[in-house]
Amino acid sequence: MKNRFAGIVTACSMLALTAGAAQALELAWVHANAAAQSEQRVKAGFDAWLAETGKSDWNVSLLDSGGSGEATASNIQDAASRGVDVIVITMADLRASRAALDAAKAANIPVFAVDSGYTDGVLVDITTNNWAMSSDVSVYLLDQLGGTGNLVFLRMAEHHGTRKRGDVMETVLKEYPDVKVLAEHNIDYTAFFEDTNKTMEDYVARFGTEINAVWAPWDEPAQAVVNVLNANGLKDVKVIGIDGHPQAIAEVCKPDSQMIATVSQPFEKMGVQVGEWIQEIVVDKKAADDVLPAKTVYMDAPLVTKRNCKDFM
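Not measured: the values here are computed from a predicted model. (Residues numbered from 1 in each chain as written. Predicted model: local features only at pLDDT ≥ 70, side-chain atom pairs only at ≥ 80, totals over all residues. Heavy atoms only, no water.)

With that out of the way, let us pick up the pairing of strand β10 (residues 259–263). Most of β10 is tucked away, with five of its five residues classed as buried. Following the chain from strand β9 (residues 238–240) across helix α9 (residues 246–253) to the adjacent parallel β10, one finds a crossover that is right-handed. Two elements, β10 and strand β12 (residues 303–305), share three bridges in a ladder whose sense is antiparallel. Paired with V263 across the bridge in β12 is L303. (Buried < 20%, exposed > 50% of the residue type's maximum accessible area, 1.4 Å probe, protein only. Helix = DSSP H or I, 4+ residues; strand = E, 2+ residues; numbered from the N terminus. Right-handed = clockwise from strand over helix to strand, strands pointing away. Pairing = 2+ DSSP bridges.)

Enumeration according to the criterion identifies one disulfide in this entry. In this model, C253 is linked to C309 through a disulfide, with the two sulfur atoms separated by 2.1 Å. One quick way to see it: the torsion about the S-S bond of C253 and C309 is about 125 degrees, and its sign makes the bridge right-handed. Here C253 is found in helix α9, whereas its partner C309 is found in the segment after β12, with 56 residues between them in sequence. The same class applies to C253 and to C309, which are both buried. (Disulfide = S-S within 2.5 Å.)

Here the focus is the pattern of salt bridges. All chains considered together, the criterion is met by 11 salt bridges. Taking the shortest distance from any N to any O, the salt bridge between D167 and R155 comes out at 2.9 Å. Note that D167 is positioned in helix α6 (residues 160–173) and R155 in strand β6 (residues 149–155), a separation of 12 residues in sequence. Put simply, E251 and K254 hold a salt bridge, and the shortest N to O gap is 3.3 Å. Each of R155, D167, E170 and E184 takes part in one network of salt bridges that share partners. (Salt bridge = Lys/Arg side-chain N within 4 Å of Asp/Glu carboxyl O.)

Checked against the element boundaries, H159 lands in the loop between β6 and α6. Within the local environment of H159, its side chain forms a polar contact with the backbone nitrogen of G161, the two atoms lying 2.9 Å apart. Not counting residues within four places of it along the chain, the set of residues in contact with H159 comprises M91, A92 and D115. (Polar contact = N/O pair within 3.5 Å; in protein donor to acceptor, adjacent residues only side chain to side chain. Contact = heavy atoms within 4.5 Å.)

Scored by pLDDT, the chain comes out at a mean of 93, with 93% of its residues at no less than 70. This model gives residues 1–22 a pLDDT under 50, and the stretch forms one contact once residues within four places in sequence are excluded. (pLDDT = per-residue confidence, 0-100.)

As summarised here, the arrangement of the six strands in space is β2-β1-β3-β4-β5-β11, forming an open sheet in which the pairing is parallel. Every interior strand has two partners, whereas the edge strands, β2 (58–64) and β11 (296–299), have only one. The mean inter-strand angle of the sheet, taken between neighbouring strand axes irrespective of direction, is 20 degrees. Pairing of strand β4 (residues 111–114) with strand β5 (residues 124–128) involves three bridges; the strand directions are parallel. Bridging from a neighbouring strand, F112 pairs with V124 of β5. (Axes fitted to C-alpha atoms, helices over the stretch in contact; angles between N-to-C directions.)

Below, the structure is given as structure tokens:
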């Protein structure tokens, strides 16, 4: 009887191990630029979901592309060559990744993107509506100027989201003929904070008090702008960003800060959502078409100003 009981226990243990093994997952997480707070927040949301749901057997390897589209492609190719179970890509420019995505597709590796723009070879892109966000914050800035003044226009064309935001601002500006663009600059994403800082120091030296406003494509460059303005005693300049990072919202909430608005993106929720869909599609083997509502899924991102900023702290 004792031996029979031991055999039952052993069999049950083997079944438990087999069930556990069936849930194990090798996941490659490809960062476009791990220094970006938006990517860190998405990963933090995903990690919190892993902990909450007890996914201790999901092995996540991190690949940082350092802001380079070519490095992103190389990292995707590396993950595909290793034969991982799933690839997640965050905030990437996928235009250089066609061959790498094809390699993942050929290996039957599902690819989930976060704020990278939908591209063939990706199951879904979880994002926010960059045209709508820019429309909200760009019009707000120009209206706060009273429709007149001098603007520094900082752009970044290497990411689909910031590119779309800049395109919207360019279109909106056509309806504000009394707003003059003093200078326009495309931020170097491989060193975005340093490049913005250097560029703004140059513009402050050239234009000084002529600058009435600065349009920045996301929060970290906006903060760099505020730092330079403060260092040069330029208090009467209006600055906007987009992302809604905690530091940016705190900056907006300062009554005397030049930063007057941002847009609150739900990055942590994006990380949770990608985890839930990986579970359903990759682990539970549900058909992607039955799980995903669309190829591009937009989450809400409200405008944050000095009037409502405390609601987002």
